[in-house]
Amino acid sequence: MSELIDALVNEGRPVEEAEWDSFWERLRSRRPVPGEAAAVLAGLSARRPGAATLSALLASLDMDRRLEEAGPFPDTVNIVGTGGGPRTFNVSVAAAFVAAATGVRVLKTGSRAYTSGVGSVDLLGFLGVPLTTSHAQTREFLDRHGVAFTGDFVFPRELALLARSVYPLDMRTVGRFLSRVGPLLAAVPTTAQVTGVSEPALADLLFHTAQSSGRALWLCSNDLGVDELLSFRPNTVRSTRGDTYDLNGEDLGLAPGSLDDLRPVDGPEAVARDFVRLLGGGRSRAATQTVCLNAAALARANGHPGLWTDLVGIAADAVHSGAAVRLLHSLRDAKGTRPRSVPVPGAAS
């Protein structure tokens, strides 16, 4: 135990897979060394480990086996961000609906709020959109609706063990590192994954870890530290498939804007109504175009041909035609919808 903590805190060497295996076994047997789980989480968060340690951590969680057991989700792209950065409305959830409304098969993993006021799980609960509870149900939703939002079954059960072991400490405080690398922890065997990253150093860590594992990961970042593509700022897109380029909304003819255009609202009912308004193009032009740019990235990552301007235009059509809002309501009507969701406006015609 002391060697593991020392390696994390002092960064003298990478933590090997066998050491992670031993740590998880102590947790599973419910005989952890007192304070060990909290110390491990604090060590990870206080001094971010390197790619070798993260790769060993993923291997100890048997990510390859979990992905294989899930079976492939062909022609499907996952969208999930690292969190962090300025507060915005949930761009990735909106982009998932818009992209799916254009015919892109989209899966969305996520969690409750960490740094933002409303995480994707919180938002979907307000909207009454069900989370899937198994890979079979996820596949069913993808086939029926073209989009699925997964529950926490996709994440390793060791995360729940960690949360119980450190209670009453809050995982959002001591588990910051695992929240940030969450995009690599979900067992969702999609064709590709688009991940917004709020910190350049974290982008490097995720990129090198995903590259070594052979995962098709597209990383998006910008100089404002928002973990989404922005229509009004220069962005960098980097893919483990070898593509790296700048993506500037101005070059695509998109409108100027600022973070004020992406400002979130507060309160469950206000959040739900604002989200439906957003999906129907009722917020600012910059807000709509930011969502459409991220939807275009999902199409591009999933192999759809065409210029960025064309893909953004297709996404905009799904917004202004009401297709994205109608898709939202079809999900609300699906089996498993939460009965306590707040009312939201009807679908656009």
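Before reading further, recall that the structure is shown in the block above.
Just so it is clear, the structure is predicted and the values come from calculations on it, not from any experiment.

Quick notes on the rules
- Residues numbered from 1 in each chain as written.
- Predicted model: local features only at pLDDT ≥ 70, side-chain atom pairs only at ≥ 80, totals over all residues.
- Heavy atoms only, no water.
- Helix = DSSP H or I, 4+ residues; strand = E, 2+ residues; numbered from the N terminus.
- Rg over C-alpha atoms; globule rule 2.2 N^0.38 Å.
- Buried < 20%, exposed > 50% of the residue type's maximum accessible area, 1.4 Å probe, protein only.
- Areas by Shrake-Rupley, 256 points an atom, 1.4 Å probe, with all protein chains shown as cover.
- Lys, Arg positive; Asp, Glu negative; His and termini not counted.
- Charge placed at Lys NZ, Arg CZ, Asp CG, Glu CD.
- Phe/Tyr/Trp six-rings, centres within 6.5 Å; stacked < 30°, edge-to-face > 60°.
- Lys NZ or Arg CZ within 6 Å of the ring centre and 35° of its normal.
- Contact = heavy atoms within 4.5 Å.
- Pairing = 2+ DSSP bridges.
- Core = buried A, V, L, I, M, F, W, Y, C linked by side-chain atoms within 4.5 Å.
- Right-handed = clockwise from strand over helix to strand, strands pointing away.
- Axes fitted to C-alpha atoms, helices over the stretch in contact; angles between N-to-C directions.
- Parallel < 35°, antiparallel > 145°, perpendicular 65-115°, else oblique.
- Nonpolar A, V, L, I, M, F, W, Y, C, P; charged D, E, K, R; others polar.
- Left-handed = near helix turned anticlockwise from the far one by under 90°.

Let us look at the overall build of the protein. Looking only at helices and strands, one finds 16 helices and seven strands in the protein. What you see for the protein is a C-alpha radius of gyration of 20 Å, in line with the 20 Å of a compact globule of 349 residues. Reported as C-alpha extents along the three principal axes, the dimensions of the protein are approximately 60 × 45 × 35 Å. Expressed as a percentage of its 349 residues, the buried residues of the protein come to 54%. Split by element, the accessible area of the protein, about 14,700 Å² in all, is 51% carbon and sulfur. Side-chain charges of the protein comprise 35 positive and 37 negative groups, with the mean position of each set lying 6 Å from the other.

Looking now at the packing of aromatic side chains. The geometry of two aromatic rings is summed up by the distance between their centres and the angle between their planes. If you walk through the whole model with that rule in mind, you get six aromatic pairs. On the numbers, 6.2 Å between centres and 25° between planes, the contact of W20 with W24 is stacked. With a gap of four residues between them, W20 and W24 both fall in helix α2 (residues 17-28), about one helical turn apart. Take W20 and W24: they sit in the same class, and that class is buried. For the ring pair F97 and F149, a centre distance of 5.1 Å and an interplane angle of 40° mean the geometry is tilted. Of this pair, F97 sits in helix α6 (residues 91-101) while F149 sits in strand β3 (residues 147-149), and the two are 52 residues apart along the sequence. Every member of this aromatic cluster is reached through a ring pair, and the members are W20, F23 and W24. When the ring centre of F207 is taken as origin, the NZ or CZ atom of R238, which lies over that ring, is 4.4 Å away.

Looking at the element boundaries, K108 is found in strand β2 (residues 105-108). For K108, the residues in contact, after removing those within four places along its chain, are N78, I79, V80, S92, V93, S120, A148, F149 and T150.

On to the pairing of strand β1 (residues 73-79). Among the seven residues of β1, five are classified as buried, and the element is accordingly described as predominantly covered. Examined bridge by bridge, β1 and strand β4 (residues 190-196) share four bridges and lie parallel to one another. Across the sheet, the residue bridging to I79 is V194, located in β4. Here β1 runs beside β2; their pairing, made up of four bridges, is parallel. Bridge pairing in β2 places I79 opposite K108.

Attention now moves to the environment of V104. The residue V104 is located in the loop between α6 and β2 in this model. For the pair V104 and T290, spaced 186 residues apart in sequence, the C-alpha separation works out to 17 Å. The contact partners of V104, leaving out residues within four places of it in the chain, are V77, A99, G146, L298, A299, N302 and H304.

The next subject is the nonpolar core. Among the nonpolar cores identified, the biggest contains 110 residues, and W20, F97 and V106 are the most heavily contacted of them. Non-local contacts of V106, meaning those with residues more than four positions away in its chain, are made with T76, V77, I79, A96, A99, A100, L142, G146, V147, A148 and L298.

Another point: the pairing of strand β5 (residues 217-222). Of all the six residues making up β5, five are buried; the element is thus mostly covered by neighbouring parts of the structure. Sheet topology places β4 next to β5; four bridges connect them, and they run parallel. What sits directly across from V194, in β5, is W218. Handedness of the crossover is the feature at issue here: the chain leaves β4, passes through helix α12 (residues 200-213), returns alongside β5, and the resulting connection is right-handed. The sheet contact formed by β5 and strand β6 (residues 234-239) spans five bridges and is antiparallel. Among the inter-strand pairings, L219 is bridged to a residue of β6, identified as R238.

With that settled, consider the packing of α6 against helix α16 (residues 323-332). Each pair of packed helices can be summarised by the angle the axes make with each other and by the distance between the axes. Orientation of α6 relative to α16, taken along the N-to-C sense of each, is 105°, at an axis distance of 8 Å. When the axis of α6 is compared with that of α16, the two are roughly perpendicular. Here α6 contributes F97, V98, A100 and A101 to the contact with α16, which in turn contributes A323, A324, L327, L328 and L331. Taken together, the residues that form the contact of α6 with α16 break down as nine nonpolar, no polar and no charged.

Attention now moves to the environment of R215. Looking at where R215 falls in the secondary structure, it is placed in the loop between α12 and β5. In sequence terms R215 and V174 are 41 residues apart; their C-alpha atoms lie 28 Å from each other. When sequence neighbours within four positions are dropped, the list of residues in contact with R215 reads M63, P183, L184, A186, Q193, A210 and T240.

Right, let's talk about the packing of α6 against helix α14 (residues 285-301) for a bit. Running from amino to carboxyl end, α6 crosses α14 at an angle of 60°, the nearest separation of the two axes being 8 Å. As α6 packs across α14, the resulting crossing turns out to be right-handed. The segment α6 lies against α14, with V91, A94, A95, A96, V98 and A99 engaging T290, V291, N294, A295 and L298.

Remember, this is a structural readout, not a statement about activity or role.
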